[in-house]
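Listed here are the chains, written in short residue letters.
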Amino acid sequence: MPLSALFVLGTAQEVLMEKHWEAGLDRSLCDVYWRALAAAGGDAAAVPPVLASPRAYVLHCGRDGVVLLGLVRREHPPAAALSFLAHVGDVLARYCGGRLREEALRESFATIVQVLDEIADSGVPFVSEPAVLLEMLPPPKLVDRLAAAVTGSAQKSMKEKLPDIATSMVTWRSPKVKYAANEIYFDIVDTVDATTRLDGRLVSCEVRSTIEANCKLSGMPDLTMAFADTSPLRDARFHPCVRVKRFRSDGVLSFVPPDGSFRLADFCPPAPKGGLLPIYMTPQFAWEIVEAGARSGGDVAGEQGQGSPGGSSAGGVGGAGA
């Protein structure tokens with residue numbers, strides 16, 4: 001999955017920075033994305049993730065208004081290239097204070113260019129773990145920026161000595177992490193895409209779940225998470241920190257968590273039993289019509305609750321006329 005070139009685009013159709021691993025691909029290929037964006041009415045979500053052109057395939061991934069544009073000359077699985085682009089966006093956001101902002105990219109331009117040099121070699125992912133990159137290339141501090149502006153010298157970002165984490169078996173976490181209050185938070189986020197009948201019975205249903213974590217633990221903690229029922233995790237996709245072999249044998253998640261926010265697992269639990277969702281929503285409509293035809297308006301409200309609606313009507317309709 002070698003990328004031939006990478007462009008970072010701003011909101012004003014501006015190329016903020018670029019990285020080339022193969023010659024012969026210039027900025028003119030960015031027009032393929034701009035034309036597709038204009039055809040979609042400016043909605044980046046409506047632009048296909050992969051665009052074809054005579055010279056290369058154009059792949060894009062957006063973050064906070066900044067677009068990462070990858071160029072691939074040869075045919076490769078697009079999911080691999082898009083996943084790598086999304087990972088590059090996550091890494092660059094770490095260097096921009098958590099969000100990929102244009103101002104932060106300009107302020108840390110020299111450091112970001114070095115990060116792009118290390119994160120891929122000949123377009124192939126090389127040093128991609130954020131913990132390793134942050135040890136090798138610490139984000140520039142305000143004092144360093146002021147000193148470079150006064151003296152006119154370039155900021156020294158790359159460390160001369162290779163950090164120990166680069167050769168460690170646990171490349172996603174540095175052993176030097178310290179917190180005053182040791183704590184870790186877990187959130188299970190469920191996304192339900194369902195179609196129901198008037199009586200609340202399911203016509204179709206698809207559930208996708210993720211386990212989001214935010215780790216603020218010191219040192220190298222080794223955690224174990226047990227579940228009452230592991231059947232929903234049978235085909236889960238785990239973070240590389242999870243010991244999958246132990247999960248298959250013992251049914252527990254054993255892992256050394258990365259520092260900060262990360263996604264521990266993605267999985268698809270089975271659809272709710274009994275043909276009913278555990279939640280329901282009852283819409284209520286109110287509409288006002290002026291006889292002279294000068295004005296018309298409406299209001300839509302709703303109530304939601306736990307359990308099934310008990311087979312009653314899906315909603316009530318009320319209206320008022322002048």
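What counts and how
Residues numbered from 1 in each chain as written. Predicted model: local features only at pLDDT ≥ 70, side-chain atom pairs only at ≥ 80, totals over all residues. Heavy atoms only, no water. Pairing = 2+ DSSP bridges. Helix = DSSP H or I, 4+ residues; strand = E, 2+ residues; numbered from the N terminus. Buried < 20%, exposed > 50% of the residue type's maximum accessible area, 1.4 Å probe, protein only. Arc of directions from axis to C-beta. Axes fitted to C-alpha atoms, helices over the stretch in contact; angles between N-to-C directions. Left-handed = near helix turned anticlockwise from the far one by under 90°. Contact = heavy atoms within 4.5 Å. Nonpolar A, V, L, I, M, F, W, Y, C, P; charged D, E, K, R; others polar.

**Q** Give me the lowdown on the pairing of strand 4 (residues 57-63), citing residues and values where you can.
**A** Residues in a regular strand point their side chains to alternate faces of the sheet. Pairing analysis gives three bridges linking strand 3 (residues 50-52) to strand 4, with the strands arranged antiparallel. By the bridge assignment for strand 4, L51 is matched with V58. From the end of strand 3 to the start of strand 4, which pair antiparallel, there are four residues. In this structure, strand 4 lies alongside strand 5 (residues 66-72), joined through seven bridges in antiparallel fashion.

**Q** For helix 4 (residues 109-119), give the residues involved together with the corresponding values.
**A** For helix 4, the complete set of buried residues consists of T111, I112, V115, L116, E118 and I119. Down the axis of helix 4, the buried set is contained in an arc of 165 degrees. They therefore lie on one face.

**Q** So what's going on with the packing of helix 2 (residues 78-95) against helix 4? Residues and values would help.
**A** Where helix 2 contacts helix 4, the two axes come as close as 11 Å, and the packing angle between them is 145 degrees. For the crossing formed where helix 2 meets helix 4, the hand is right-handed. Every residue of helix 4 that contacts helix 2 at F84, V88, V91, L92 and Y95 is listed here: T111, I112, V115, L116 and I119. The residue makeup of the contact of helix 2 with helix 4, split by class, is nine nonpolar, one polar and no charged.

**Q** Please give an account of the sheet that holds strand 3 that cites residues and values.
**A** The antiparallel open sheet is built from five strands, whose spatial order is 2-1-5-4-3. Single-partner strands in this sheet number two, and they are strand 2 (15-20) and strand 3. Each neighbouring strand pair of the sheet contributes to a mean axis angle of 20 degrees, computed without reference to strand direction. Against the sheet, helix 1 (residues 30-39) engages strand 1 (5-9), strand 2, strand 3, strand 4 and strand 5, with an angle of about 45 degrees to strand 1. Packing against the sheet, helix 2 makes contact with strand 1, strand 3, strand 4 and strand 5, and its axis sits at approximately 35 degrees to strand 4.

**Q** Pulling in residues and values, what's your account of the pairing of strand 12 (residues 252-255)?
**A** The two faces of strand 12 match: V252 and S254 on one face and L253 and F255 on the other face are all buried. Two strands pair when backbone bridges link them, and strand 10 (residues 223-226) and strand 12 are joined in this way by four bridges, in the antiparallel orientation. Following the sheet pairing, L223 is matched in strand 12 by F255.

The quantities given are spatial measurements derived from coordinates; they are silent on function.
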